[in-house]
Amino acid sequence: MKGIVLAGGAGTRLYPASIPISKILLPIYDKPMIYYPISTLMLAGIKEILIITNPDDVDNFKKLLGDGSQLGIKFEYAVQYEPRGIAEAFLIGEKFIGNDSVALILGDNVFHGHGFGTQLKRVVAHNDGATVFAYHVKNPKQFGVVEFDRHQKAISLEEKPNSPRSDYAVVGLYFYDNDVISYAKTLQPSARGELEITDLNNIYLLKDRLSVEILGRGFTWLDTGTFDTLLQAANFVQSAEMNKGEKIACIEEIAINEGYISKEELLKRLNPNLNNEYLEYVKLV
């Protein structure tokens, strides 16, 4: 399975902070925002990742992440020239995906919970069709919403409904088989001119090929697209890291633990002239 991080968009909700730099490169506590979605894909066992971003930001992402070899994985880059919707990622990334299955994660989504890596690997191993994740929220009108029957089987999906049929939002992490490319090509722009991910997921739902994983109590999901949620995420990460003495979304640690690269090889690639708390943590992993 391959992975895509959709790191485009205008970042208007984070104006003016997002004028000089992509919002996905803004920090969440001690690391750039994009480390969080990358870490999720890495925990799923995905080693080939396409970063889709704006034309003005490609070089900044390359400067930060390089080709991925320092982590034992591979990064590629592509451009979304206009924000034409989440589902456009599969059209932009068609060549990258090839004949593989694919996971898509939004660049401003943060996931954290015990056993999440195991859950992700299970989804990758058994994904047949599409798998999305649902999270109970207080404000479902702001999200895509999934409705369940009494057996917790998904029966409807709506994008930002005025009268939500449930309090479960579909979060920004999606797993698909290779049919996603052909299905994405059939989508028509919505009233707001975008290829909607909910429309794509509805294709799988109507074909009875959609699975929904519910992220329950004790799990944290944050959409960091506003100043309030960005601060909330930073406070959450700081508190969790200080309490446990373990970092969240440390991609170097994950690379070592997942066996993508040896600790010795990774340490050789670190800049010896840099010295801070983050690098000291990596050295002690």
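Presented here is an overview of the structure given in this document. (Residues numbered from 1 in each chain as written. Predicted model: local features only at pLDDT ≥ 70, side-chain atom pairs only at ≥ 80, totals over all residues. Heavy atoms only, no water.)

**Some remarks on the nonpolar core**
Core analysis: the biggest nonpolar cluster contains 61 residues, and Val 5, Ile 34, Ile 38, Ile 49, Ile 51, Phe 111 and Phe 133 have the highest contact counts within it. Apart from residues no more than four positions distant in its own chain, Val 5 is found in contact with Ile 34, Pro 37, Ile 38, Leu 41, Ile 49, Leu 50, Ile 51, Ile 52, Ile 105 and Gly 107. One finds Ala 87, Ile 97, Val 102 and Val 146 within the second-largest nonpolar core, a separate group that totals 36 residues. (Core = buried A, V, L, I, M, F, W, Y, C linked by side-chain atoms within 4.5 Å. Buried < 20%, exposed > 50% of the residue type's maximum accessible area, 1.4 Å probe, protein only. Contact = heavy atoms within 4.5 Å.)

**Side note on the packing of aromatic side chains**
Counted by the stated rule, this structure contains eleven aromatic pairs. Note on Phe 116 and Phe 219: the rings are 4.8 Å apart at their centroids and 70° apart in plane angle, and the pair reads as edge-to-face. Taken as a pair, Phe 116 in helix H5 (residues 116-126) and Phe 219 in the loop between strand E12 (210-215) and strand E13 (220-223) lie far apart in primary sequence, 103 residues in all. When sorted by exposure, Phe 116 lands in the same class as Phe 219, which is buried. (Phe/Tyr/Trp six-rings, centres within 6.5 Å; stacked < 30°, edge-to-face > 60°. Helix = DSSP H or I, 4+ residues; strand = E, 2+ residues; numbered from the N terminus.)

**Focus on the environment of Glu 158**
Its location among the elements puts Glu 158 in strand E10 (residues 154-159). As a C-alpha pair, Glu 158 and Asn 202 span 44 residues in sequence and 8.7 Å in three-dimensional space. Setting aside residues no more than four positions away along its own chain, Glu 158 makes contact with Phe 143, Gly 144, Val 145, Ser 163, Arg 165 and Thr 198.

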